[in-house]
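# Residue-level structural notes
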Amino acid sequence: MEHSYSSHISWTGNLGTGTSGYRSYARTWDISVAGKDTIHCSNDPLLGGDPGKMNPEDLLISSLSACHMLWYLHLASDAGITVVAYQDSPVATGEVLKSGAGRFLAATLKPRITVLAGTDIDAATAIHHEIHKVCFIARSVNFPVSYEPEFVISDVASGPR
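Residues numbered from 1 in each chain as written. Predicted model: local features only at pLDDT ≥ 70, side-chain atom pairs only at ≥ 80, totals over all residues. Heavy atoms only, no water.

## Quick word on the nonpolar core
Judged by nonpolar contacts, the single largest core of 22 residues is most densely connected at Leu-64, Tyr-72, Phe-143 and Val-145. If you list the elements that add at least two residues to this core, you get helix H1 (56-78), strand S6 (102-109), strand S7 (111-116) and strand S8 (145-147). When residues of this core are assigned to their parent elements, the largest contribution, five residues, is made by H1. Setting aside residues up to four positions removed in sequence, Tyr-72 forms contacts with Val-83, Tyr-86, Ile-113, Ala-124, Ile-127, His-128, Ile-131 and Phe-151. (Core = buried A, V, L, I, M, F, W, Y, C linked by side-chain atoms within 4.5 Å. Buried < 20%, exposed > 50% of the residue type's maximum accessible area, 1.4 Å probe, protein only. Helix = DSSP H or I, 4+ residues; strand = E, 2+ residues; numbered from the N terminus. Contact = heavy atoms within 4.5 Å.)

Structure follows, in structure tokens:
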């Protein structure tokens, strides 16, 4: 079954003279999707962007991590593993060639997952290796993705001990 996604990108960086010169415009834009909050973005700071705004690289690694998390929660639930908290601090490595062309070389997801006491940690860890088979974003990237999960044990469903 095919389905589609849509977005609207609007350049906000015209400083008054458009692209009349390389330094005459800002590398900023807005991402808008109907019915959702607008995201204000900029280029990577290495390329002159605003470090206080999301850039395409931030969005890609965040999308990869979020997709992984959602599938992890789904598969954990199916496996009878109760997750009570999930955080991730993913890291991606990229390269920029002399020509200016860039790409991601690899990403490592580092989820910190809180599970209930008595959880089979080996089974909880194994789930990570199944996600790349089903996650829309992970199946779409052309660089390796690895996982370094950390598990926290909780006695109650409201959080870690």
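## Examining the state of the cysteines
Using the criterion set out here, one finds one disulfide in the structure. Through a disulfide, Cys-67 is tied to Cys-135; the S-S separation comes to 2.2 Å. Of this pair, Cys-67 sits in helix H1 while Cys-135 sits in the loop between helix H3 (128-131) and S8, and the two are 68 residues apart along the sequence. We classify Cys-67 as buried; its relative accessible area is 12%. (Disulfide = S-S within 2.5 Å.)

## Structural notes on the side chain of Asp-30
Structurally, Asp-30 is set in strand S2 (residues 28-32). Of the side chains with opposite charge, Lys-53 comes closest to the buried, unpaired Asp-30, at an N-O distance of 6.8 Å. Side-chain polar atoms of Asp-30 contact the side chain of His-40, separated by 2.6 Å. Those residues in contact with Asp-30 that sit more than four places away from it in its chain are His-8, Ile-9, Ser-10, Thr-12, Thr-38, Ile-39 and His-40. (Lys, Arg positive; Asp, Glu negative; His and termini not counted. Salt bridge = Lys/Arg side-chain N within 4 Å of Asp/Glu carboxyl O. Polar contact = N/O pair within 3.5 Å; in protein donor to acceptor, adjacent residues only side chain to side chain.)

## What about the pairing of strand S3 (residues 39-42)?
In terms of strand pairing, S2 meets S3 through four bridges, oriented antiparallel. When the sheet's bridge partners are listed, Trp-29 is paired in S3 with Cys-41. Taking the residues between adjacent antiparallel strands as the criterion, S2 and S3 are bridged by six residues, where Gly-35 takes a positive phi near 80 degrees. (Pairing = 2+ DSSP bridges.)

## Looking at the pairing of strand S5 (residues 91-96)
Both S5 and S6 contribute to a ladder of six bridges, which runs antiparallel. Counted as the bridge partner of Glu-95 is Arg-103 from S6. Between S5 and S6, which pair antiparallel in sequence order, lie five residues; one of them, Gly-100, sits at a positive phi of approximately 100 degrees.

Read these as spatial facts, not as claims about activity.
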